[in-house]
Amino acid sequence: MPSFLFWLFAGVMLIFGALVIINRNPIASALSLVVCFLGLAALFMSLDAFFIGIIQVLVYAGAVMVLFLFIIMLLDLRAEERRTMNWVAFTGGFVVAVSLLVQILAVISRTQMAKQTFPPLASPQTDDVRNVGLLLFGHYNLPFQVIGVLILVATVGVIVLSKRQLR
Amino acid sequence: MTTLGDYLTVSGILFAVGFSGVLLRRNVIIIFMALELMLNAANLSLVAFSRFRLGEDGLPSYNAQVLVFFIITVAAAEVAVGLAIIVALYRARRTTHVEDINSLKF
Amino acid sequence: MSQSLDQIFVSAKQWILSLLSGTPDWVTTIVSILINISALLGVFLTIFALISVLERKILGRMQNRYGPNRVGPFGLFQPVADGIKMLIKEDVVPARADKVVHFLAPILVAATAILTLGVIPYGRNMTPFAIDGGILFFFAVGSTTELAVFMAGWGSNNKFSMLGAMRAIAQMVSYELPLIVTTLPVVMVAGALSPDAIIAAQDGYSFGIVPHWFVTTPWGAAAFILFFVSGLVESNRTPFDVPEGESEIVAGHMTEYSGFKYATFFLAEYFGMFAISGLAVTLFLGGWHAPIAVLQFIPSYIWFFLKLSALLFVYIWIRGTLPRTRVDQIMNFAWKFMLPMAFTCIIAAAVWHYQGRGLAGWLWSLAVITIVYLTLSLLLETKKKFAPRTYRFVE
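1. Structural notes on the overall build of chain C
Move 1: Counting secondary structure elements, chain C contains 15 helices and 2 strands.
Move 2: Relative to a compact globule of 395 residues, whose C-alpha radius of gyration would be 21 Å, chain C shows 23 Å and is just as compact.
Move 3: Oriented by its inertia axes, the alpha-carbon framework of chain C measures out at about 65 × 60 × 45 Å.
Move 4: A buried classification covers 40% of the 395 residues belonging to chain C.

Here is the structure:
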C-alpha cells in the first residue's frame, strides 16, 4: 500500500476518532465513530488482513453502531446542555491522557523494531479467510466454542435486563 | 514505505484519544464509544504485528488475527450487554450522566 | 461460435485494454476498473428505468387497468419523463434539519446499493469485482444501508421520518439474521465464500435435465424461500413495507426528501432489490448455468438476466397480491419462524452432505425440514389468534 493512502486513512481515522469525544451531540459522535471504524477497516486491509477488515465493517459499522444509534434514538438524547465543568477533574484527566500518549510515543521511538518496514509476503494472494478459518476451527476450537457460549449468555442477559419488571 | 512504528504510533494515538474520552466525557454512551475506540486501537497494533512477523511459510502470523476476531466478538457481546444496562439505568434514573449516578457514593 | 458469443463482453474489454498496451500498469488497472463500473451502472440503470415502467404496467394489468401508456410506444418512455420531472423539482430542505446528515443519507444509501452489485457474477468470467470473501463483502456493505436509513430519519428532524427509520432499522436488523444464516448452508456445501466458486459448485446435470442447483435439494429450496422473504424485507417491499406505509407514516424516512434526492432513494431501493435477487440467483439458482444441459449454447449472461427478471417479476407479483402486514407480525415472524427454520437448513444441509449427497441424503434432509416445519407451525398456533388486540403505548 502506498504511503499516502496509509496517511490518508490514518488521518481520517484519527480526526473522526477525535470528533467522537469532541462532539456534544451523541448522534454526531456515533456517526463519527462509524467513519473512524471504516478508516480502521481500510488500515486492516492495508496490512493484508482482508477478513478482519470485512468483519470490522460487518460487526462494527453494521451491527454495533446500529445498536448504539438505536439506543440513542430510543432514549431521545439530544445535545447535552452545558454544565458547570469541574475544571480540576478536566485538567487532571487531560494531563493523564497526554502523559499516556507521550509515554507510548516515547516507547515506540526507542524501539529498534519499530523502524523496520514490513517484510514482503511469500505470495501476493493470501487466502486469509481460509487460513484464519483453519486456525479458528483447528487449534482454537475450544476458545471458539467458549465464545459461542459467551454470546448465548449475553443474549439471555440482554433479554433479562431489558424486561420491564422481573417476576 | 510505512514502517511498523507508523502503525503503532497511529494505534497509540487512537488509544490515547479513547482514553481521554473515558476520562473527560460525562455521558455514559460517549464513554462507551471511547471504550470501543481503545479496543480497536489494540486490534490495529495486533494486526500490524501479525503482518510484521511472518510465519515460516511467508504468510502473516494468523494467531494474532484470530485474537482480533475474538476481541471483535467479545466487544459485540459487551456492547449488547452494556447498552441493555444503560437502558435499564435510564429507565430507573432518567439520566445517562455519570455524575448523577451517585447513590453508592459515600 | 457459441463460445465467442458467450465471452463477447470479456473479449471486448480485453480489446480495449490491449489498445493501452504501451502505458504504465496503473493506467491499465484504472481503465479496467472504470470499464467495469460504467458497464455495471449502464446495465443496471437501464434495467431500473425499464422495471420502473414495467412494474406500473404489470400492477395495472393485475388491477384491471392499463398503467402508463401515453409517453412513447406502450408508455416505454415514461421513465424519461419521470426523470425530467424529478430533476426540475425544487429541492426542499427543512429548516430544522441536520443539513450535512440530511444531504449525505441519499448518497450513502445509493453507494452501498451499487457496491453490493459489484461482487455478483453476471456470466462466465464476468464478475466486476472478484474477491475471495465476496459473500462477506456483500453483507458487510449491505448492512451499512441501515446507517443510511437512520441518517435519513434522524437528519430530517420529523416525527414521521424518525418513526419510519425506527421501523425500517428494526425490521432490517431482525431479518438480516435469517438472510445471513440461510447463506451459511450454501457456503458450507460449496466450501467457499467467493460467488464464482459457489456457482462452480452448482455445475452439472442429472440425466441432462435436472440441474445441480442448490434449489433442487430440500434444504436449498427451504433456504431459498427464507432468503427470498428476507430479501423482500431488506428491500422494504410489500408486504413488508411498513417503514414507508403511506397510510400510516407518509413516506417513512423519505418524508422530507423531494426532487432528485427522493429519486436517489427510489433508485437505491430498486438497486438493493436487484442485488438481493442477484445474490439469490447466485446462491440457489445456479447463477449463469443453463437449466437444461442441451440449452448450454445460449450465452451465460442471458441465463443470469432471465433468472433475475423472473425473480423481479415475483417481487412485483407479490406487491400486486398481498396486503401490508403489521409491525408486530413481521417481528414475530422473524424471530419465531424464520430464524429457527434458517438454522434447520444448516442441519439439513449437513445431513444431506454426510449421506453422500444422493437420493438418501435428499430424503433425510426433506424429513428434517418437514419435522421442524410441522413442529414450529403447531407451536406457533397461538390461542390469542382471534382474541382482541391489546394496544400498548410508549411510556
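And the narrative resumes.
2. Some remarks on the overall build of chain B
Move 1: On a plain count of helices and strands, chain B comes out with 3 helices and 0 strands.
Move 2: Since a compact globule built from 106 residues should have a radius of gyration of about 13 Å, the 18 Å found for chain B marks it as more spread out than a globular shape.
Move 3: For chain B, the spread of C-alpha atoms along the principal axes amounts to about 55 × 25 × 25 Å.
Move 4: Burial status across chain B gives 47% buried among its 106 residues.

3. Thoughts on the interface of chain C and chain A
Move 1: Contacts between the two partners involve 16 residues from chain C, matched on the other side by 17 residues from chain A.
Move 2: For the side of chain C that touches chain A, the secondary structure elements donating two or more residues are helix H6 (134-143), helix H7 (145-156) and helix H8 (159-190) of chain C.
Move 3: It is H6 of chain C that provides the largest number of residues to the side of chain C that touches chain A, a total of 5 residues.
Move 4: Residue composition of the side of chain C that touches chain A, by class: 11 nonpolar, 3 polar and 2 charged.

4. Observations concerning the nonpolar core
Within soluble globular proteins, side chains that are nonpolar tend to cluster in buried spots.
Move 1: Membership of the largest hydrophobic core comes to 164 residues, with the highest contact counts inside it found for Ala-30 and Met-65 of chain A together with Met-33 and Val-47 of chain B.
Move 2: Considering each element in turn, this core owes the most residues, 17 residues, to helix H3 (residues 50-75) of chain A.
Move 3: Split by domain, this core shows at least three residues from each of two domains, domain 1 (1-88) and domain 2 (99-378) of chain C.
Move 4: Every residue in contact with Val-47 of chain B, bar those within four places of it in the chain, is listed here: Phe-44, Leu-47, Ala-49 and Ile-52 of chain A together with Ala-64, Gln-65 and Val-68 of chain B.

5. Overview of unusual backbone geometry
Move 1: The phi torsion at Asp-48 of chain A lies on the positive side, around 60 degrees, for a residue other than glycine.
Move 2: Relative to the elements of secondary structure, Asp-48 of chain A occurs in the loop between helix H2 (26-46) and H3.
Move 3: Residue classification places Asp-48 of chain A among the buried positions, given that 22 C-beta atoms sit within 10 Å.
Move 4: We note that Asn-157 of chain C has phi near 60 degrees; this positive angle belongs to a residue other than glycine.
Move 5: Along the chain, Asn-157 of chain C turns up in the loop between H7 and H8.

6. Considering the domain arrangement of chain C
All names here are of chain C.
Move 1: The domains assigned to chain C are domain 1 (1-88) and domain 2 (99-378).
Move 2: If you average the C-alpha positions of domain 1 and of domain 2, the two centres end up 22 Å apart.
Move 3: Opposite the 19 residues of domain 1 that make contact, domain 2 presents 20 residues.
Move 4: Mapped onto the side of domain 1 that touches domain 2, the elements with two or more residues apiece are helix H1 (2-6), helix H2 (8-18), helix H3 (25-62) and helix H4 (78-87).
Move 5: For the side of domain 1 that touches domain 2, the class distribution of residues is 13 nonpolar, 4 polar and 2 charged.

7. Points about the packing of helix H14 (residues 327-354) of chain C against helix H15 (residues 359-379) of chain C
Residue and element names in this part refer to chain C.
Move 1: Across the interface, H14 lies against H15 with an axial gap of 8 Å and an inter-helix angle of 160 degrees. Here H14 is positioned roughly antiparallel relative to H15, judged by the angle of their axes. For the crossing formed where H14 meets H15, the hand is right-handed. Each of Phe-337, Pro-340, Met-341, Thr-344, Ile-347, Ala-348, Ala-349, Val-351 and Trp-352 in H14 lies in contact with H15, whose residues at this interface are Gly-361, Trp-362, Trp-364, Ser-365, Val-368, Ile-369, Val-372, Tyr-373 and Leu-376.
Move 2: A per-class count over the contact of H14 with H15 returns 15 nonpolar, 3 polar and no charged.

8. Some points on the interface of chain B and chain A
Move 1: Taken residue by residue, the interface counts 62 residues in chain B and 67 residues in chain A.
Move 2: Those elements giving two or more residues to the side of chain B that touches chain A turn out to be helix H1 (4-24), helix H2 (28-52) and helix H3 (62-93) of chain B.
Move 3: The dominant element in the side of chain B that touches chain A, judged by the number of residues it contributes, is H3 of chain B, at 22 residues.
Move 4: Broken down by class, the residue content of the side of chain B that touches chain A amounts to 42 nonpolar, 15 polar and 5 charged.

9. What about the arrangement of the chains?
Move 1: Contacts between protein chains span 2 pairs of chains, and they are most numerous for chains A and B.
Move 2: With no contact formed, the shortest span from any C-alpha in chain B to any C-alpha in chain C equals 10 Å.

10. Let's talk about helix H5 (residues 128-137) of chain A
All names here are of chain A.
Move 1: When we look at burial in H5, the residues that qualify are Asp-128, Val-129 and Val-132. Around the axis of H5, the buried residues are gathered within 105 degrees of arc, so they sit on the same side. Those residues of H5 that are exposed and aimed more than 90 degrees away from the buried face are Leu-134 and Phe-137.

11. Overview of the packing of helix H12 (residues 259-283) of chain C against helix H13 (residues 300-321) of chain C
Helix-helix packing: each pair is described by the crossing angle between the helix axes and the interaxial distance.
Residues and elements named next belong to chain C.
Move 1: The geometry of H12 relative to H13 is characterised by a closest axis approach of 9 Å and an angle of 120 degrees between their N-to-C directions. Between H12 and H13, the angle falls in the class oblique. As for how H12 packs across H13, the hand of that crossing is right-handed. For the pair H12 and H13, contact is made by Met-273, Ser-277, Gly-278, Ala-280 and Val-281 and by Phe-304, Lys-307, Leu-308, Leu-311, Leu-312 and Tyr-315, respectively.
Move 2: Classifying every residue of the contact of H12 with H13 gives 8 nonpolar, 2 polar and 1 charged.

12. Considering H7 of chain C
Move 1: With 12 residues, H7 of chain C extends 17 Å from end C-alpha to end C-alpha; this agrees with the ideal 16 Å at 1.5 Å per step.
Move 2: With 12 of 12 residues buried, H7 of chain C is to be regarded as a mostly interior element.
Move 3: In this structure, the buried residues of H7 of chain C make contact with H2 and H3 of chain A together with helix H5 (99-117), H6, H8 and H12 of chain C.
Move 4: Remark: Asn-157 of chain C follows H7 of chain C within two positions and exhibits a positive phi of approximately 60 degrees.

The rules we used
- Residues numbered from 1 in each chain as written.
- Chains lettered and ligands numbered in written order.
- Predicted model: local features only at pLDDT ≥ 70, side-chain atom pairs only at ≥ 80, totals over all residues.
- Helix = DSSP H or I, 4+ residues; strand = E, 2+ residues; numbered from the N terminus.
- Rg over C-alpha atoms; globule rule 2.2 N^0.38 Å.
- Buried ≥ 20, exposed ≤ 12 C-beta atoms within 10 Å, placed from the backbone.
- Contact = placed C-beta atoms within 7 Å.
- Nonpolar A, V, L, I, M, F, W, Y, C, P; charged D, E, K, R; others polar.
- Core = buried A, V, L, I, M, F, W, Y, C linked by C-beta atoms within 7 Å.
- Domains from an automatic or database assignment.
- Axes fitted to C-alpha atoms, helices over the stretch in contact; angles between N-to-C directions.
- Parallel < 35°, antiparallel > 145°, perpendicular 65-115°, else oblique.
- Left-handed = near helix turned anticlockwise from the far one by under 90°.
- Arc of directions from axis to C-beta.
- Expected span 1.5 Å × (residues − 1).

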